[in-house]
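Fold and geometry: a report
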Amino acid sequence: RPEVPRFVYNSLPDEEKAIYDKILTGIYNYETEVDLGAEYPVETVLKTYKNVFFQEPEIFWFYATNEQFMSAQGTMSTVSLQYRYDEPEIEPMKQNLANSLAEIEKMFPENATDIDKVITIHDYIINRTVFSKDDVHSRDAYGPLVGGYSQCEGYAKAMTYALTYFGLENVRMTGTKYDGLSHAWNKVKVSGKWYNIDATWDEYYTEKSSKAIRYTFFL
């Protein structure tokens, strides 16, 4: 698979990259506490911790919470880690994700362009997913790609997971929408330019309550 530029990671100062690497390695090793090797301002560690959670969708088993940062003062040298699933559950879930990516790849037209790949990923995720905040997988990439249920956070992580796998540089975005509530979507780089893409909002239902795909928020 092609090495995909990590836009957010590459934009970080060296200090934050060091924290990022230690946290990410700790998550892959299923550690419950990571020694950062030095004292860092709480704000710096929190920012980096959030970047790992938002930009690394393959660590779908990682559960992020602000609790430890709210009680910390000044600086911190360790970070506690929590997980959504027990370690023995993860390997079969990884295989399920790999199977979904293989399905997507089979749908690519011959000599697929970047646009072909983005459309296929976008449509695959929407076709197999029902919007839900209640499913256990609704906040991670596993929800749309395997479970079939997700909220915007999961849609965006699934897009990032698949786009990255197939060699497309992208960033997961978070912010607020028109009514002030939080929302997540993606930016993807195609032919050297960045475009917004929102799989959540491109899923809609007709007057007869049948699901359809629109491209209002596609590139």
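It should be noted that the structure appears before, not after, this text.
Residues numbered from 1 in each chain as written. Predicted model: local features only at pLDDT ≥ 70, side-chain atom pairs only at ≥ 80, totals over all residues. Heavy atoms only, no water.

What follows covers the pattern of salt bridges. Taken as a whole, this structure holds 7 salt bridges when the rule is applied. When the shortest N-O distance is used, the salt bridge between Glu91 and Lys94 registers 3.4 Å. Taken together, the residues Glu91 and Lys94, both in helix H5 (residues 87–107) and 3 residues apart, mark about one turn of the helix. Of the residues examined, Lys94 reaches a relative accessible area of 30% and is grouped as partly exposed. Put simply, Glu153 and Lys157 hold a salt bridge, and the shortest N to O gap is 3.4 Å. (Salt bridge = Lys/Arg side-chain N within 4 Å of Asp/Glu carboxyl O. Helix = DSSP H or I, 4+ residues; strand = E, 2+ residues; numbered from the N terminus. Buried < 20%, exposed > 50% of the residue type's maximum accessible area, 1.4 Å probe, protein only.)

What follows is about the side chain of Thr48. Of note, Thr48 is situated in helix H3 (residues 42–55). Among the polar contacts listed, one links the side chain of Thr48 to the backbone oxygen of Thr44, at a separation of 2.8 Å. Ignoring any residue separated from it by four or fewer positions in sequence, one finds Thr48 in contact with Glu16, Ile19 and Tyr20. (Polar contact = N/O pair within 3.5 Å; in protein donor to acceptor, adjacent residues only side chain to side chain. Contact = heavy atoms within 4.5 Å.)

Right, let's talk about the packing of aromatic side chains for a bit. Throughout the structure, instances matching the rule amount to 17 aromatic pairs. Judged by centre distance (6.5 Å) and plane angle (25°), the ring pair of Phe131 and Tyr155 falls under stacked. Taken together, the positions of Phe131 in strand S5 (residues 130–131) and Tyr155 in helix H8 (residues 152–165) put the pair 24 residues apart, joining distant regions of the chain. A relative accessible area of 39% places Phe131 in the partly exposed class. Looking at Tyr155, the relative accessible area reads 1%, which means it is buried. Aromatic rings pair up to connect Tyr28, Phe60, Trp61, Tyr85 and Tyr142 into one cluster. Over the face of the ring belonging to Tyr9 we find Arg6, whose NZ or CZ atom lies 4.1 Å from the ring centre. Here the basic side chain of Lys157 rests over the ring of Phe53, its NZ or CZ set 3.5 Å away from the ring centre. (Phe/Tyr/Trp six-rings, centres within 6.5 Å; stacked < 30°, edge-to-face > 60°. Lys NZ or Arg CZ within 6 Å of the ring centre and 35° of its normal.)

This brings us to the layout of surface pockets. Within this model, the largest pocket holds a volume of roughly 480 Å³. Lining the largest pocket are 22 residues, and of these Val4, Arg6, Glu56, Glu58 and Thr164 sit closest to its centre. Looking at the lining of the largest pocket, the elements with two or more residues in it are helix H1 (7–11) and H8. Top contributing element to the lining of the largest pocket by residue count: H8, with 4 residues. For the lining of the largest pocket, a count of residues per class yields 12 nonpolar, 4 polar and 6 charged. Taken together, 16 residues make up the lining of the second largest pocket; nearest its centre are Lys133, Gln151, Cys152, Ser182 and His183. Those elements giving two or more residues to the lining of the second largest pocket turn out to be H8, strand S7 (170–176) and strand S8 (182–190). Among the elements that make up the lining of the second largest pocket, the one with the highest residue count is S8 (3 residues). Class assignment for the residues of the lining of the second largest pocket results in 7 nonpolar, 5 polar and 4 charged. (1 Å grid on protein atoms, 1.4 Å probe; cavity = no way out; pocket = protein on both sides within 12 Å on 5 of 7 lines; lining within 4 Å. Points joined across faces, edges and corners; volume = space filled by probe spheres on them. Nonpolar A, V, L, I, M, F, W, Y, C, P; charged D, E, K, R; others polar.)

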